[in-house]
Amino acid sequence: MRSSSWRVFSLIFILPTAAIAQDSCWSGLTDIFSVQDYDVAKVETGYSSGMRLVVTLFNNEERGIRMVDGSIVFQDVLDRDILRVGIDPDQKIDSGGTVIQTGVYTNLRLLDVSKEDVLVTTCIRGLVYADGEVFKAVEK
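Cut-off values and rules
- Throughout, residues of each chain are indexed from 1 in the direction in which the sequence is written.
- Where totals are concerned, whole chains, interfaces and linings use all residues; where local detail is concerned, this predicted model gives features only for residues with pLDDT of at least 70, and gives and counts side-chain atom pairs only at 80 or more.
- Side-chain numbers come from the whole structure's heavy atoms, not from hydrogens or water.
- Only a pair of cysteine sulfur atoms within 2.5 Å qualifies as a disulfide here.
- The helix and strand labels rest on DSSP assignments: H or I over at least four residues marks a helix, E over at least two residues marks a strand, and numbering proceeds from the N terminus.
- Only protein chains enter the area calculation, which uses a 1.4 Å probe; residues under 20% of their type maximum are buried, those over 50% are exposed, and those in between are partly exposed.
- Two strands form a pair only when DSSP identifies at least two bridges running between them.
- In this analysis, rings of Phe, Tyr and Trp, with Trp reduced to its six-membered ring, are considered paired at centre separations within 6.5 Å, and the interplanar angle assigns stacked below 30 degrees, edge-to-face beyond 60, and tilted for intermediate values.
- Working rule: Lys NZ or Arg CZ, within 6 Å of ring centre, within 35 degrees of ring normal, means a charge sits over the ring.
- Each reported salt bridge corresponds to a side-chain nitrogen of Lys or Arg within 4 Å of a carboxyl oxygen of Asp or Glu.
- Should any heavy atoms of two residues lie within 4.5 Å, those residues are considered in contact.

Novice: Describe the state of the cysteines, and please don't skip the residues or the numbers.
Specialist: The tally for this structure, following the rule as stated, stands at 1 disulfide. At a sulfur-sulfur separation of 2.1 Å, the disulfide partner of Cys25 is Cys123. Residues Cys25 and Cys123 share a disulfide whose torsion about the S-S bond is about 65 degrees; that sign makes it right-handed. Note that Cys25 is positioned in the loop between α1 (2-22) and β1 (33-44) and Cys123 in strand β6 (residues 118-129), a separation of 98 residues in sequence. Here Cys25 and Cys123 have matching classes, each one buried.

Right, dumping it as structure tokens:
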């Protein structure tokens, strides 16, 4: 009997934690930007290997944006994080426009996972529209 109650107790406290850990964006909005495409390639960074990542972001908003507080999130189809990278904070992007962001990273897992097994989202915590209006996502 004691074993059964321990299992139920464990599930009550472990499952919500697991769900939160696998939520790709629990403190922002995921629909402001979308990732149209990304490309990865292995590069040598002097004394170690790295990964060059090129991401094409699309602005889904009806207004232009001149500053961003957000991330690009790469997860596998099992909802495990592969890589999270910050969006360039001074990124300027017109309404319906695209912008390319490039970086070199030492986390190489994205090179090994098949592209069809990768889910890419964005998480926007705040931004400044082109007209100067400041938007901050409300924490859930």
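Novice: Quick rundown of the pairing of strand β3 (residues 65-76)? Include the residues and the values.
Specialist: Of all 12 residues in β3, 9 are buried; the element is thus mostly enclosed. Pairing geometry for β3 and β6, over 11 bridges, is antiparallel. Counterpart to Val73 in the pairing with β6 is Thr121. In the sheet, β3 pairs with strand β4 (residues 81-86) via 5 bridges, with the strands oriented antiparallel. Residue pairing in the sheet places Phe74 in a bridge with Leu83 of β4.

Novice: Lay out the packing of aromatic side chains in plain terms, naming residues and giving numbers.
Specialist: Two descriptors summarise a pair of aromatic rings, namely the distance from one centre to the other and the angle between the planes of the rings. Taken as a whole and assessed by the stated rule, the structure comprises 1 aromatic pair. Here Lys115 stacks its cationic end above the ring of Tyr38, 4.5 Å away from the centre of that ring.

Novice: Pulling in residues and values, what's your account of the pattern of salt bridges?
Specialist: Going through the model one piece at a time under the given rule, you end up with 7 salt bridges. The partner of Glu133 in a salt bridge is Arg63, with the nearest N and O atoms 2.7 Å apart. Of this pair, Glu133 sits in the loop between β6 and β7 (134-136) while Arg63 sits in the loop between β2 (49-59) and β3, placing them 70 residues apart in sequence. The class of Arg63 is partly exposed, set by a relative accessible area of 30%. We note a salt bridge from Arg125 to Asp69, for which the minimum N-O separation is 3.3 Å. Placement of the pair is Arg125 in strand β6 and Asp69 in strand β3, with a sequence separation of 56 residues. When its relative accessible area of 40% is taken as the criterion, Asp69 is described as partly exposed. Each of Arg63, Asp131 and Glu133 takes part in salt bridges that share partners, so that together they form one network.

Novice: Summarise the environment of Leu108; cite the residues concerned and give the values.
Specialist: Among the secondary structure elements, Leu108 is positioned in the loop between β5 (98-105) and α2 (109-112). Leu108 sits in the partly exposed class, given a relative accessible area of 25%. Sequence separation between Leu108 and Val40 is 68 residues, and the spatial gap between their C-alpha atoms is 9.4 Å. With residues up to four places along the chain from it excluded, the contact list for Leu108 reads Ser49, Gly50 and Met51.

Purely spatial values, then, with no claim about function.
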